[in-house]
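# Fold and contact review
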Amino acid sequence: MTIKTPQDVSDFWFSPAVQPYWFQVSDEIDRQIIQLFGATYEAAHSGELADWPKDAAGALALSIVLDQFPRNMFRNSSRSFESNDLALAVARRALERGFDQQTDPTARQFFYLPFMHSEDLDDQEHSVALYEALGDANSLHFAREHRNIIARFGRFPHRNAVLGRSNTAEEEEFLKTHSGF
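Residues numbered from 1 in each chain as written. Predicted model: local features only at pLDDT ≥ 70, side-chain atom pairs only at ≥ 80, totals over all residues. Heavy atoms only, no water.

### Observations concerning helix H5 (residues 105-117)
Note that an α-helix has 3.6 residues per turn; residues three or four places apart therefore point the same way. Rules: Secondary structure follows DSSP: runs of H or I at least 4 residues long count as helices, runs of E at least 2 residues long count as strands, and numbering of each begins at the N terminus. An expected span of 1.5 Å times one less than the residue number is assigned to each helix. Two axes are fitted around each residue, one to the seven residues ending there and one to the seven starting there, and the angle between them is reported as the bend at that residue. Burial classes: relative accessible area under 20% of the type maximum marks a residue as buried, over 50% as exposed, and values in between as partly exposed (1.4 Å probe, protein chains only). Contacts: residue pairs with any heavy atoms within 4.5 Å of one another. Throughout this description, a polar contact denotes any pair of N or O atoms lying within 3.5 Å of each other; where both atoms belong to protein, one of them has to be capable of donating a hydrogen while the other can accept it, and for residues adjacent in sequence the pair is counted only when both atoms sit in side chains.
Spanning 13 residues, H5 covers 19 Å between terminal C-alpha atoms, matching the ideal 18 Å at 1.5 Å per step. Maximal helix bending in H5 amounts to about 40°, located at Phe 111; proline Pro 114 follows within four positions. Within H5, eleven of the 13 residues are buried, which leaves it mostly tucked inside the rest of the structure. Within the span of H5, buried status applies to Ala 107, Arg 108, Gln 109, Phe 110, Phe 111, Tyr 112, Leu 113, Pro 114, Phe 115, Met 116 and His 117. Where H5 is buried, its residues contact helix H1 (6-13), helix H3 (56-73), helix H4 (84-96), helix H6 (121-134) and helix H7 (137-153). N-cap assignment for H5: the residue whose side-chain oxygen lies 2.9 Å from the backbone N of Thr 106 is Asp 104.

Structure (structure tokens):
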């Protein structure tokens, strides 16, 4: 398999065929990501694409590869979350450099999602602030939901099973009425 370019990632992810599945399960989209970007993800995960975040487009593509693609490629497994810290580091550096402000609001959220996916409350508070500034009520709703779960449990109970973590009694009750993220 070939390592793709940041433009390849952007062309695929922001295409009209893929956008409807950003936050929905699609076995077909998952297969496409594995086929088209499996080698790219592995290269990114091992640090081989460190030159990508030299500009906003490259940083955004790397953020997507490290944060979104593993959720599709490794759905329902611990590998879904293995690059969360790497994605968060890319997002932090991108925000420090103002890359998010150089990106249209629809794409900008993919710089912010690594904060929403973090199990650190400070990152969650930052996520809520970023989504408040973005002005997208739907995304802000989800940012607040994620933050509230971390404030309550200190982690996402939805991840416990695939990460080999035991649920507390309170988490068990919560999971009975809340679908996964």
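### Observations concerning the nonpolar core
Generally speaking, soluble globular proteins have nonpolar side chains that are buried together. For clarity, the cut-off: Here, nonpolar core means buried Ala, Val, Leu, Ile, Met, Phe, Trp, Tyr and Cys residues that are tied together by side-chain atoms lying within 4.5 Å of each other.
Grouped together as the largest cluster of nonpolar side chains are 44 residues, with contacts concentrated most on Val 9, Trp 13, Ile 33, Phe 69, Phe 111 and Tyr 131. Among the elements of the structure, H1, helix H2 (27-45), H3, H4, H5, H6 and H7 are those that each provide at least two residues to this core. With ten residues, the single largest contributor to this core is H3. In contact with Val 9, not counting residues within four places along its chain, are Phe 37, Trp 52, Ala 61, Ile 64, Val 65 and Phe 69.

### A look at the packing of aromatic side chains
Worth spelling out the cut-off: Paired rings are identified among Phe, Tyr and Trp, the last through its six-membered ring, by centres lying within 6.5 Å, and are further divided according to the angle between planes into stacked (under 30 degrees), edge-to-face (over 60) and tilted (the rest). Should the NZ of a Lys or the CZ of an Arg lie within 6 Å of a ring centre and within 35 degrees of the ring normal, that charge is described as sitting over the ring.
Following the criterion strictly, the structure yields 14 aromatic pairs and no others. Where Phe 23 meets Phe 110, the ring centres are 6.3 Å apart and the plane angle is 5°; that geometry is what we call stacked. Here the residue Phe 23 occupies a position in the loop between H1 and H2, and Phe 110 occupies one in helix H5, the gap between them amounting to 87 residues. The class for Phe 23 is exposed, based on a relative accessible area of 55%. Under the relative-accessibility criterion, Phe 110 is labelled buried at 1%. The interplanar angle of 85° and the centroid separation of 5.7 Å between the aromatic rings of Tyr 112 and Tyr 131 together place this pair among those described as edge-to-face. With Tyr 112 in helix H5 and Tyr 131 in helix H6, this residue pair connects regions lying 19 residues apart in the sequence. Each member of the pair, Tyr 112 as well as Tyr 131, carries the same accessibility label: buried. Feature note: the residues Phe 12, Trp 13, Phe 14, Trp 22, Phe 23, Phe 37, Phe 69 and Phe 110 constitute an aromatic cluster, connected by ring pairs. A cation over an aromatic ring shows up here: Arg 79 above the ring of Phe 74, its NZ or CZ 4.1 Å from the ring centre.

Function-wise, these values are silent; they only describe arrangement.
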